[in-house]
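Architecture and fold: a report
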Amino acid sequence: MRMTSTKFAPVAQGVYPSPVHAPYKSTRLRGPLQSALRVGAPAASLPAFQIPLALVKPLDADLTAQGAGVPLGEKIGVTGRVVDEDGLPVTHSLIEVWQCNSAGRYFHSKDQHAAPLDPNFFGFGKFLTDENGRYRFITIKPAAYPWGNHPNAWRPAHIHFSLFGNVYAQRLVTQMYFPGDPLHVLDPIFNSIYDERARQSLVAQFSIEESVGDVMLGYTFDIVLRGRAATPLGL
Amino acid sequence: MTGLTSSQTIGPFPHEGWRWAFDATQAMRPSGAALTVEGTIYDGAGQPIDDAVLEAWAPDSAARERDQPMPAFRRVASGARGEFRFDLTAPVVRGNGEPALYVTVFARGLVTHQFTAVVLEDDAGLAHSAILQQVPEARRATLIARKKALDRYEWNVWMQGGQETVFFDYT
């Protein structure tokens, strides 16, 4: 397979969040204090976990089609392309998404926010990228919600993404934010990423082209996973 | 080179969206020799982390688990006391010092997933383990699962502190 003779480049300073970012309180005792150790292991570039196709159902990509009725809120389509740092498409690869509903409440026993649950919306899905690395899913635009980290702490609206990539070391979990949200600058989780470009890489773009008639608005969110071919030998 | 997408925490609420893989993990019934690796995940104050998720990957088991719901892969949520357990198919080749499983750790408050790996204490090849040799000697013990009984091992994860687990950035 490709990319066997080169190495994954170190992640540039500030691109990944700071493991301990004091304003995000839970990082203080949970973020590793030692730097991740650079190690070589053949497993890192073996093909990533391949989900058995029987476990991915076409309807899993439509979060609005999981209840008996239609969920409340603004229906949206989210699409994008997953590539690696070398621009190669990440193909036939599993993506999981999860989010709160249009009132800011997760379908989860531990979410005690006093916003209503929606009997027609559970807020999770999964799907594969295609042969060009492209994905698309349909959902309801999530809302902001309070999280108790500090006075008036409200998370900006976001959708959680979990990506398996094409090789093991490409695994990534992240969050997609919505453009123009005034909560971005106030959010300690978003701002645990110190690099401005890297922070903005998590903000989706509104797309009138990806909107569908009278049915839904569209957003695009492209994702770049770690790559190897661009790394000079010997690094 | 294109700009890498940054990472974010799973937060406290991944469980419903990730349940399909918890369920598939529960449904695994390996037919060959079994191996259990279990332990607790702790924070920097020594408190158990009750909302972590750990994934284990054993690429060598893929062929032997071909008929199983989710070959070579496990996903478990830590319990109320921070406990987790992986039931695995025992490696075909033992004694070469290779990891019995590659583990990825996720949690609220953990802004980037952490890669680590587990080797077995009674592996005859431990002294020649390619992965352990890349780890400073004083920290190697954090990757070694201790034998508790036949094919039953204990391995704990420490996010911080004197016994902080070695986490990897793969080259």
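Residues numbered from 1 in each chain as written. Chains lettered and ligands numbered in written order. Predicted model: local features only at pLDDT ≥ 70, side-chain atom pairs only at ≥ 80, totals over all residues. Heavy atoms only, no water.

Things to note about the confidence of the model for chain B
The predicted model of chain B has a mean per-residue pLDDT of 94, with 99% of residues at 70 or higher. The complex model carries a pTM of 0.96, and its ipTM stands at 0.96. (pLDDT = per-residue confidence, 0-100.)

A look at the interface of chain B and chain A
With 59 residues of chain B at the interface, the matching set in chain A holds 72 residues. Buried surface at the junction of chain B and chain A, summed over both partners, amounts to about 6,100 Å²; 61% is from carbon and sulfur atoms. Three residues stand out in chain B for area buried against chain A, namely Leu4, Gln8 and Phe13 of chain B, and they jointly supply 15% of the buried area on that side. In this structure, glutamate 96 of chain A engages arginine 75 of chain B in a salt bridge whose closest nitrogen and oxygen atoms are separated by 2.8 Å. Viewed at the interface, chain A and chain B are joined by 32 residue pairs in polar contact (both at pLDDT 80 or more). Counting only elements with at least two residues in the side of chain B that touches chain A, the list comes to strand S2 (52-57), strand S3 (73-77), strand S5 (101-107), strand S6 (114-120) and strand S10 (168-170) of chain B. The dominant element in the side of chain B that touches chain A, judged by the number of residues it contributes, is S5 of chain B, at five residues. By residue class, the composition of the side of chain B that touches chain A is 31 nonpolar, 18 polar and 10 charged. Note that strand S1 (residues 37-39) of chain A and S10 of chain B share three bridges and pair parallel. Paired with valine 39 of chain A across the two strands is tyrosine 170 of chain B, which belongs to S10 of chain B. (Contact = heavy atoms within 4.5 Å. Buried area = accessible area lost by both parts, 1.4 Å probe. Salt bridge = Lys/Arg side-chain N within 4 Å of Asp/Glu carboxyl O. Polar contact = N/O pair within 3.5 Å; in protein donor to acceptor, adjacent residues only side chain to side chain. Helix = DSSP H or I, 4+ residues; strand = E, 2+ residues; numbered from the N terminus. Nonpolar A, V, L, I, M, F, W, Y, C, P; charged D, E, K, R; others polar. Pairing = 2+ DSSP bridges.)

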